Amino acid sequence: MIKNLLRHSISSLKRQRAYIIINILGLSIGIACSLLITLYVINEAGYDRFNFKKDWIFRVILNGKIGGQEITGSFTPAVMGPTLPREFPEVEDFLRMNDVGPTVVEYEQQIFTDNDIIQADSSFFNFFTLPLIKGDASSLLNGPHKVVVSESTAKKLFGNGDPIDKLIKIGSDSVKYVISGVMKDIPENSHFEASMVTSFMTNPRSAEQVWLNNSFSLYVLLKPNTSKATVDSKFNDLIVKHVGPEVQKYMGTSIEEFLKRGNKYRFYLQKLTDIHLDNTVQGGFKAPADPKYLVIFGSIAILIVAIAAINFMNLATAQASRRSKEVGVKKISGSTRGMLVAQFLSESFILAFIALILALVIIKLSLPYFNGLLSAKLSLKLFSEWYTIPALLIFTAIVGIISGSYPAFFLSSFNPYEVLKGNARNTSGNGKLRRILVVFQFAVSILLIVGTLIMNKQIKYMLNKDVGFNKEQLVVIERAHIIGKKMRSFKESVKLIPGVVNVASATAIPGRTNNNNGYMIEGRKDETFLMTTSWVDYDFLDTYGMKLASGRSFNESFTTDKQACIINESAVKNFSISDLEKTRILKPGETSPETYSIIGVVKNFNFESLRNPIQPYVLILQGEDNYWGYITVRISPANYSNTINAIEKVWKEYSSNAPLQYYFLDADFEKMYSQEKQNARMAMIFSLLAIFIAALGLFGLTSYTVEQKTKEIGVRKAMGSSAAGIYFEISKEIIILVSISALIAWPIIYYYAGRWLENFYYRINLGLLSFVAGLTIAMGIALVTISYRVVKAARINPAQSLKYE
């Protein structure tokens, strides 16, 4: 029976060759798009979901609020790690981790900078599912100056040689590190990257006992069947016991009074599997993915498949009159409705599976481009997991059912006596449904087009907005600590290079903040304020082109500037500072607070992404004990490559031949919006593909409509209608349907685009242009799609048209 069913289905499909090609092409593109998006969503969801201990591993998060400013991040003190297992019986083990940042690695004649070195406790391999190639997991990081390297790093350094017990130099440490193990490369979609893992106890601050120095990421492994809520509830007593005395010491107030003033200081646990998709938490090792985009693209995948399925339904029902006689003959010959439904569904299954094969070919060919577009390493491994092939087959079967169910039941419902008498057109009252489905297709297409236009408009706005300083032609040199106390001499040497305009050093720069400190204001004992802090030199403001709203910049002529500071306009406003000359900023210290007078107010500048408002910022004069962070060189645009080569030569003279690591600040600012740019590109591609699939269906429907109206066109031409008149007569329905689609899509995208723009403090106004452009693009594509068939029909000799059967 199945053999006969397939034979009849294949025979029937051969008679509908043109429509079959359109259906397969549309379905294959739709399936390919949905599979590509699924790969992307799974990749963004994070590798940590496959950790076998994921249910019991948590990251400790600090949530603090000082002076109206709130911060939530992966920041904890070093002392908290060993304290938790002692005081919380629910905690089985702890793991502290620290991102070292760009670091020079040396082995024999090889010298290079590694950006992915982390420090970790010896429990690292007990927490994360990372296969070891060489080494004993129990002793890999149990002593200072031990390091585990990734497989790719081992090959880079030693080729095929054995790296175990080899000594390498990492950073400026005078003691070399011994390689104790080799691990498999960490997957890119993990929440951290590490080419090398060094022992945390090597860090001089690993034994630090200060509870207010929140600098490290901390993970805890809870005992099985332990409640996260139980542990969270115990943090308050821990804070009172350990943090309270330090708050009293440094701020002169009890922890209870501190909290009563509206401040916050609490810790809580975050599930390991939530890290990769929680963009509300700062710190950590990699910027998390935004779950909103995963929902958006997951929805796009479903909508694109729906558009492809609608094409199938529309084209199948449009051919009702053509297939009605086939149905009538089969019913009279003894076929039941169930048998006909089975035949039509089998046709849709066959088409869907052919489309799946073509979709896999499309994915194979397009993945390199897709990966280049997203800077990702997605791959479709059909045989790596047992469930991949069954999942694809089930997905394809579902697509086949959705596509073919309505046409199957509709076509099988024909009355054989009516259709054999030629009344099939009277029984095929499905035109209204086809119009509704076309409206849906183009509503989705317009929604995607308008959304993409808005995304691109917002990205362009962010890239071109005045950020309060001149970010062009600024070369930022990392690892300033290598120069250290030779900084003044180094700067003078660089200034002598032709093409160098100015040079400045600072611990933090726009786009790379690293210090949020609590401050007080003299005479306002009960208030505490949080400010982003950067220690800068005399040339910082001039080098960056920052403007002063009032006061003056740092000046070597004023010896008192060593105890002075410059704050931004947000600090003046947020802290209600009215008299700058009489205001003193206090920074809590070990014995007594450091006091700074305010000598100037710098105009607000964006030191973070435009997603965020400008927060209070303070600039303090740099001393010899904090020449770390960054060196910024403003260069002229002419012959900038020669200028950089000359800077590199001076750098190597002062840094004992260490490699120069630098970047352009404007390019670094663009990276802040890399996720938005990446998602906008994805949205653009899938919008075009969605409307292409819809246009394919429209082309097929138009071909059918023209075919059905051949005699009518001939009569109109014979009665004197022009080709333009006939074109308008046939296309006016499309114009109406696309216009209705726009009216449906506009309020939906207006709502969701508004919600998306709320993620940005600095944002565009929606306006009308993007909405009108979306309609114009969709209308233009629709009219171009139908033009060939309509114009061709309109130009046929009416004598031929009137003979058409």
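Basis of the calculations
Residues numbered from 1 in each chain as written. Predicted model: local features only at pLDDT ≥ 70, side-chain atom pairs only at ≥ 80, totals over all residues. Heavy atoms only, no water. Helix = DSSP H or I, 4+ residues; strand = E, 2+ residues; numbered from the N terminus. Buried < 20%, exposed > 50% of the residue type's maximum accessible area, 1.4 Å probe, protein only. Contact = heavy atoms within 4.5 Å. Core = buried A, V, L, I, M, F, W, Y, C linked by side-chain atoms within 4.5 Å. Arc of directions from axis to C-beta. Salt bridge = Lys/Arg side-chain N within 4 Å of Asp/Glu carboxyl O. Axes fitted to C-alpha atoms, helices over the stretch in contact; angles between N-to-C directions. Parallel < 35°, antiparallel > 145°, perpendicular 65-115°, else oblique. Left-handed = near helix turned anticlockwise from the far one by under 90°. Nonpolar A, V, L, I, M, F, W, Y, C, P; charged D, E, K, R; others polar. pLDDT = per-residue confidence, 0-100. Pairing = 2+ DSSP bridges. Phe/Tyr/Trp six-rings, centres within 6.5 Å; stacked < 30°, edge-to-face > 60°. Polar contact = N/O pair within 3.5 Å; in protein donor to acceptor, adjacent residues only side chain to side chain.

**Student:** A description of the side chain of Ser150 should follow, citing residues and the corresponding values.
**Tutor:** Here Ser150 is to be found in strand E8 (residues 146-150). Ser150 sits in the buried class, given a relative accessible area of 1%. When sequence neighbours within four positions are dropped, the list of residues in contact with Ser150 reads Val182, Met183, Asp185, Ala194 and Ser195.

**Student:** Run through the nonpolar core, naming residues and quoting values.
**Tutor:** In this structure, Phe442, Ile509, Phe540, Tyr544, Leu665, Phe686 and Val738 are the most contacted members of the largest nonpolar core, which totals 115 residues. The contacts of Val738, once residues within four sequence positions are left out, are Phe442, Ile446, Leu775, Ala778, Met779 and Ala782. Counting residues in hydrophobic clusters, the runner-up holds 31 residues, among them Val60, Leu218, Leu530 and Leu586.

**Student:** So what's going on with helix H3 (residues 80-87)? Which residues, and what values?
**Tutor:** Residues spaced three or four apart along an α-helix face the same direction, because each turn holds 3.6 residues. Inspection of H3 places Met80, Gly81, Thr83 and Leu84 among the buried residues, and these make up the whole buried set. When H3 is viewed along its axis, its buried side chains cluster within an angular range of 165 degrees and face the same direction. As for H3, its buried residues are in contact with strand E1 (57-66), strand E3 (91-99), strand E12 (217-222), helix H6 (228-251) and strand E13 (264-271).

**Student:** Pulling in residues and values, what's your account of the pattern of salt bridges?
**Tutor:** All told, the structure shown has 22 salt bridges when counted by the stated rule. Its salt-bridge partner being Asp539, residue Lys495 comes within 3.2 Å of it at the nearest N-O pair. Of the two residues, Lys495 is situated in helix H15 (residues 487-495) and Asp539 in the loop between strand E18 (524-536) and helix H16 (540-544); the sequence distance between them amounts to 44 residues. According to the relative accessible area criterion, Lys495 is partly exposed, its value standing at 30%. The class for Asp539 is buried, based on a relative accessible area of 18%. Each of Lys491, Lys495, Asp537 and Asp539 takes part in one network of salt bridges that share partners.

**Student:** Requested: an account of the packing of H15 against helix H18 (residues 640-654), with residues and values cited.
**Tutor:** Close contact between H15 and H18 brings their axes to 10 Å; oriented N to C, the two are set at 155 degrees. Overall, the two elements H15 and H18 adopt an arrangement that is roughly antiparallel. When the axes of H15 and H18 are compared, the crossing they make is right-handed. In contact with Ser489, Phe490, Ser493 and Val494 of H15, H18 contributes Ile647, Val650, Trp651 and Tyr654. For the contact of H15 with H18, the class distribution of residues is six nonpolar, two polar and no charged.

**Student:** Lay out the environment of Gly68 in plain terms, naming residues and giving numbers.
**Tutor:** By the element assignment, Gly68 lies in the loop between E1 and strand E2 (69-74). Taking the C-alpha atoms as reference points, Gly68 and Leu530, separated by 462 residues in sequence, lie 8.2 Å from one another.

**Student:** Describe the confidence of the model for the protein, with residues and values.
**Tutor:** Detailed reading of the predicted coordinates is not advisable wherever pLDDT is low. Of all residues in the protein, 86% attain a pLDDT of 70 or more, and the chain-wide mean is 83. Segment residues 801-805: pLDDT under 50, and eleven contacts once partners within four positions in sequence are set aside and those in other chains are kept.

**Student:** Run through the pairing of strand E20 (residues 564-568), naming residues and quoting values.
**Tutor:** The side chains of a regular strand alternate between both faces of the sheet. The element E20 is largely enclosed, with a buried count of five among its five residues. Residues Ala564, Ile566 and Asn568 point to one face of E20 and Cys565 and Ile567 to the other, with burial holding for every one of them. Relative to strand E22 (residues 594-602), E20 runs parallel, the two sharing five bridges. Counted as the bridge partner of Ile566 is Gly600 from E22.

**Student:** Before we move on, could you go through the packing of aromatic side chains and cite the residues and values that matter?
**Tutor:** On inspection of all chains with the given rule, the structure shows 28 aromatic pairs. Ring centres of Phe128 and Phe192 lie 5.0 Å apart, and the angle between their planes is 55 degrees; on these two criteria the pair is classed as tilted. In this pair, Phe128 sits in the loop between helix H4 (124-127) and strand E7 (132-134) while Phe192 sits in the loop between strand E10 (177-183) and strand E11 (196-199), placing the two residues 64 residues apart along the sequence. Summarising the burial analysis for this pair, Phe128 and Phe192 share the class buried. Judged by centre distance (6.0 Å) and plane angle (80 degrees), the ring pair of Phe490 and Trp651 falls under edge-to-face. Placement of the pair is Phe490 in helix H15 and Trp651 in helix H18, with a sequence separation of 161 residues. Trp651 carries the same exposure label as Phe490, and that label is buried. Linked through ring pairs, Phe469, Phe540, Tyr544, Phe605, Phe607, Tyr617 and Phe669 together constitute an aromatic cluster.

**Student:** Which residues make up the side chain of Ser505, and what values go with them?
**Tutor:** Looking at the element boundaries, Ser505 is found in strand E16 (residues 500-506). Of the residues examined, Ser505 reaches a relative accessible area of 1% and is grouped as buried. Looking at Ser505, its side chain comes within polar contact range of the side chain of Gln622, at 2.6 Å. When near neighbours in sequence (up to four residues on either side) are disregarded, Ser505 contacts Met487, Trp535, Val536, Asp537, Gln622, Tyr627, Tyr630 and Ile631.

**Student:** Help me get a handle on unusual backbone geometry, residues and values and all.
**Tutor:** Non-glycine residue His145 carries a positive phi angle of around 60 degrees. Assignment of secondary structure puts His145 in the loop between E7 and E8. Positioned with a positive phi, Ser576 is a non-glycine residue whose angle comes to about 55 degrees. With respect to the element layout, Ser576 can be found in the loop between helix H17 (569-574) and strand E21 (584-587). Taking relative accessible area as the criterion, Ser576 reaches 55% and is therefore assigned exposed.

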